[in-house]
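Topology and contacts: notes
Below are the chains, spelled out letter by letter.
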Amino acid sequence: MSTPLRLGIAGLGTVGTGVVKIVRQKANLLAERAGRPITITAVSARTRDKDRGVNINSYAWEDDPVALATRDDVDIFVELMGGSDGPAKAATEAALKAGKDVVTANKAMLAHHGQALAQLAEDAGAVLRFEAAVAGGIPVVKALTEGLAGNDVTRVMGVMNGTCNYILTRMQSAGLPYDEVFEEANQLGYLEADPTLDVGGIDAGHKLSLLAAVAFGCQVDFPSVELQGIERITIEDIHHAADMGYRIKLLGVAQLTGRGLEQRMSPCLVPENSPLGQLEGGTNMVVLEGDQVEQIVLRGPGAGEGPTASAVMGDVMDIARNFRVTTFGVPAAALTQSKPAKTATPAPYYLRLALDDKPGALAKLATVLGDAGVSIDRMRQYRHDDSTAPILIVTHKTTRDALEAVLKDMSGLDVLASPPVALRIESV
Ligand SMILES: NC(=O)c1ccc[n+]([C@@H]2O[C@H](COP(=O)([O-])OP(=O)(O)OC[C@H]3O[C@@H](n4cnc5c(N)ncnc54)[C@H](OP(=O)(O)O)[C@@H]3O)[C@@H](O)[C@H]2O)c1
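Residues numbered from 1 in each chain as written. Predicted model: local features only at pLDDT ≥ 70, side-chain atom pairs only at ≥ 80, totals over all residues. Heavy atoms only, no water.

**Focus: empty space enclosed by the protein**
Threshold: Site definitions follow a grid-based scheme: protein atoms alone, a 1 Å grid, a 1.4 Å probe that fits but cannot get out for cavities, and for pockets an open set with protein on both sides within 12 Å along at least five of seven lines, plus lining residues having an atom within 4 Å of a point. Grid points are joined across faces, edges and corners, and a volume is the space filled by probe spheres set on the points. Each residue receives one of three labels: charged for Asp, Glu, Lys and Arg, nonpolar for Ala, Val, Leu, Ile, Met, Phe, Trp, Tyr, Cys and Pro, and polar for the others, Gly being one of them.
All told, the structure shown has one cavity of 30 Å³ or more when counted by the stated rule. Taken as a whole, the largest cavity holds about 30 Å³ of empty space. If you trace the largest cavity, you find it lined by Leu168, Thr169, Gln172, Ile238, Arg247, Ile248 and Lys249. A class-by-class count of the residues in the lining of the largest cavity yields three nonpolar, two polar and two charged.

**What to know about the nonpolar core**
Heads up, the condition is: In this description, a nonpolar core means a group of buried Ala, Val, Leu, Ile, Met, Phe, Trp, Tyr and Cys residues linked to one another through side-chain atoms lying within 4.5 Å. Only protein chains enter the calculation, and the probe is 1.4 Å; a residue is then buried if its accessible area is under 20% of its type maximum, exposed if over 50%, and partly exposed in between. Helix and strand assignments follow DSSP, with helices taken as H or I runs no shorter than four residues and strands as E runs no shorter than two, numbered in order from the N terminus. By definition, residues are in contact when any of their heavy atoms lie within 4.5 Å.
One finds Val140, Leu144 and Ile167 to be the most contacted residues of the largest nonpolar core, which totals 79 residues. It is helix α11 (residues 202-216) that contributes the most residues to this core, nine residues altogether. Aside from chain neighbours lying at most four places away, what touches Ile167 is Tyr178, Val181, Phe182, Ala185, Val199 and Ile230. Within the second largest apolar cluster, 34 residues are counted, among which are Val19, Ile22, Ala45 and Val103.

**Here we look at the site of the ligand**
Basically, it comes down to this: Throughout, the term near means that a residue has one or more heavy atoms lying within 4 Å of the molecule or strand in question. Pairs of N or O atoms within 3.5 Å make up the polar contacts considered here, provided that, within protein, one atom can donate a hydrogen while the other can accept it, and that residues adjacent in sequence are counted only when both atoms are side-chain atoms. Computed with the Shrake-Rupley method and a 1.4 Å probe, the accessible areas treat only the protein chains shown as cover for residues.
Near the ligand there are 23 residues, and of these Leu12, Val15, Thr47, Arg52 and Gly304 occur at the shortest range. Lys50 has a polar side-chain atom sitting 3.0 Å from an oxygen atom of the ligand. Contacts to the ligand include Arg52, whose side-chain N or O atom sits 2.8 Å from an oxygen atom. In isolation the ligand has 890 Å² of accessible area, and contact with the protein removes 79% of it. Residue classes in the shell around the ligand are distributed as 10 nonpolar, nine polar and four charged.

**Topic: the pairing of strand β7 (residues 153-159)**
What counts is decided by this rule: Should DSSP find at least two bridges between two strands, the strands are regarded as paired.
Of all seven residues that make up β7, six are buried, and the element is covered over most of its length. Bridge analysis of β7 against strand β11 (residues 283-290) gives six bridges, and the strand direction is antiparallel. The partner of Val153 across the bridge, within β11, is Gly290. Both β7 and strand β9 (residues 246-257) contribute to a ladder of four bridges, which runs antiparallel.

**What about the side chain of Ser266?**
As for its position among the elements, Ser266 is in strand β10 (residues 260-271). Its relative accessible area of 10% is what places Ser266 among the buried residues. Once residues within four sequence positions are removed from consideration, Ser266 is found in contact with Gln228, Lys249, Leu250 and Leu251.

**Describing helix α1 (residues 14-25)**
Applicable threshold: The span one expects for a helix is its residue count, reduced by one, times 1.5 Å.
Across its 12 residues, α1 extends 17 Å between first and last C-alpha, which sits within 8% of the 16 Å expected from 1.5 Å per residue. When we look at burial in α1, the residues that qualify are Val15, Gly16, Thr17, Gly18, Val19, Val20, Ile22 and Val23. Tucked inside the fold, the buried residues of α1 contact β1 (5-10), α2 (27-34), β2 (38-44) and α13 (305-320).

**A closer look at the pairing of β11**
Of all eight residues in β11, eight are buried, a share of seventy percent or more. Residues Thr283, Met285, Val287 and Glu289 of β11 are buried on one face, and the alternating residues Asn284, Val286, Leu288 and Gly290, pointing to the opposite face, are buried as well. Bridge analysis of β11 against strand β12 (residues 294-301) gives eight bridges, and the strand direction is antiparallel. Paired with Gly290 across the two strands is Glu294, which belongs to β12. In this structure, the hairpin formed by β11 and β12 is closed by a connection of three residues.

**Digging into the sheet that holds β2**
Strands in a sheet are paired, the pairing made by backbone hydrogen bonds, and the direction either parallel or antiparallel. Quick note on the threshold: Note on geometry: axes are C-alpha line fits, over the in-contact stretch for helices, and angles between N-to-C directions span 0 to 180 degrees.
Read across the sheet, six strands follow the order β3-β2-β1-β4-β5-β6 without closing on themselves; strand pairing throughout is parallel. With partners counted over all chains shown, the strands left at the sheet margins are β3 (60-61) and β6 (128-129), one partner each. For β1 and strand β4 (residues 76-79), the ladder comprises four bridges, and the chain directions are parallel. Its bridge partner being in β4, Gly8 is matched across the sheet by Phe77. In the packing of helix α4 (residues 86-97) onto the sheet, the strands contacted are β4, β5 (101-104) and β6, and the crossing angle to β4 comes to about 165°.

**A word on the environment of Arg264**
Inspection of the secondary structure puts Arg264 in strand β10. Owing to a relative accessible area of 3%, Arg264 belongs among the buried residues under this scheme. When the C-alpha positions of Arg264 and Thr367 are compared, they lie 30 Å apart, and in sequence the two are 103 residues distant. With residues near it in sequence (within four places) discarded, Arg264 still touches Leu208, Val225, Glu226, Leu251, Gly252, Val253, Gln255, Ala344, Arg400, Arg424 and Glu426. One polar contact links Arg264 to Glu262, side chain to side chain, over a distance of 2.7 Å. Among the polar contacts listed, one links the side chain of Arg264 to the side chain of Glu426, at a separation of 3.5 Å.

This is the structure in structure tokens:
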């Protein structure tokens, strides 16, 4: 058997220990599949004497991840510390400059520095891979760069933050308000130390920007992702959307249009009987659409020790087999600088309105919609509760400009008890 492939792993938390376990427990299987042994020579973390539930005594220890990344006995630097800058970026750059291949699960770092790091890797003749960064255990980067390489990708979308999907589906199943379920998720340890990364859509937005780069051959453009979190989703909207045949999801959509690249991470309605609508709990789902394949749906765990380590090992095994793909599927210099679309593709919208119990109130709403050229597909009025009645409207496809005009004009009406709620309905 040929020479071993030697890993240096920086970060021994959830994902890092998962990778150590796979390398130790599946040594024979990995060696057979790769045609060479996969070994670990050195590791790094913040605290040396922490019990990590896995034996790391036989590996060299480095306090400094940069020193680890440049060791002569390390072939692949495996970056599993996290953070967009700081030691993760410094060590990744050092490894690439030293001509070493890098595998990372770090979406924040790639969302902010993906283009520069991909270029650095190519200049040094190294590869930089990040399967674990996008949807945990789902091999979506491989699906796009390999299986779908003969397609023009038309749209990618997905539920890519398990915590948000847990919160939204738990609100629905238990009938609990957002704040209560948020606290429950916190107690269960599902939330990041900074919860806005999850519920504000930032973590999922990082993933979407990476997916868009791979799908459309463009430079990662995280600042252009339109981000809206789930913090303002109420139990009323969860119930009313269900009444109209929909589920609310924090959905990422990237689409290349004649008007530029659309990248949205926002709460949307999807039909309850669609694969996305039926996605429960912390599971992720990515939907890929190509001109030849039409649509494929990938579903699986988006986080956790085993699934994320599985994706890291997929990248390691490619390198071990000498399968070397550019970071985003085309050479870094060929990645286009996409133009962000200023407007979104027209879509139907869900509107929830609290209408005062006054004669002519409904007619005023209809006039506002009509004046903006927005037509109603379906409408439902519930019984008056005290002095207001909830009205639900599903519009026909409309532009966002027209919708914004409606919302502005409605805010000037004297028949609404509270500002209208508007959510996009994504066709899936
Ligand atoms: N957890 C998941 O399910 C998941 C899923 C997809 C992607 N990811 C990504 O994978 C990466 C790792 O996530 P994780 O959940 O495994 O994180 P984690 O459990 O917090 O572990 C982070 C590890 O990095 C070490 N570390 C932090 N700063 C360091 C420094 N300055 N020098 C050396 N070591 C340092 C920590 O050391 P100590 O242990 O000594 O504190 C710890 O071992 C992140 O980029 C994350 O976004 C995670």
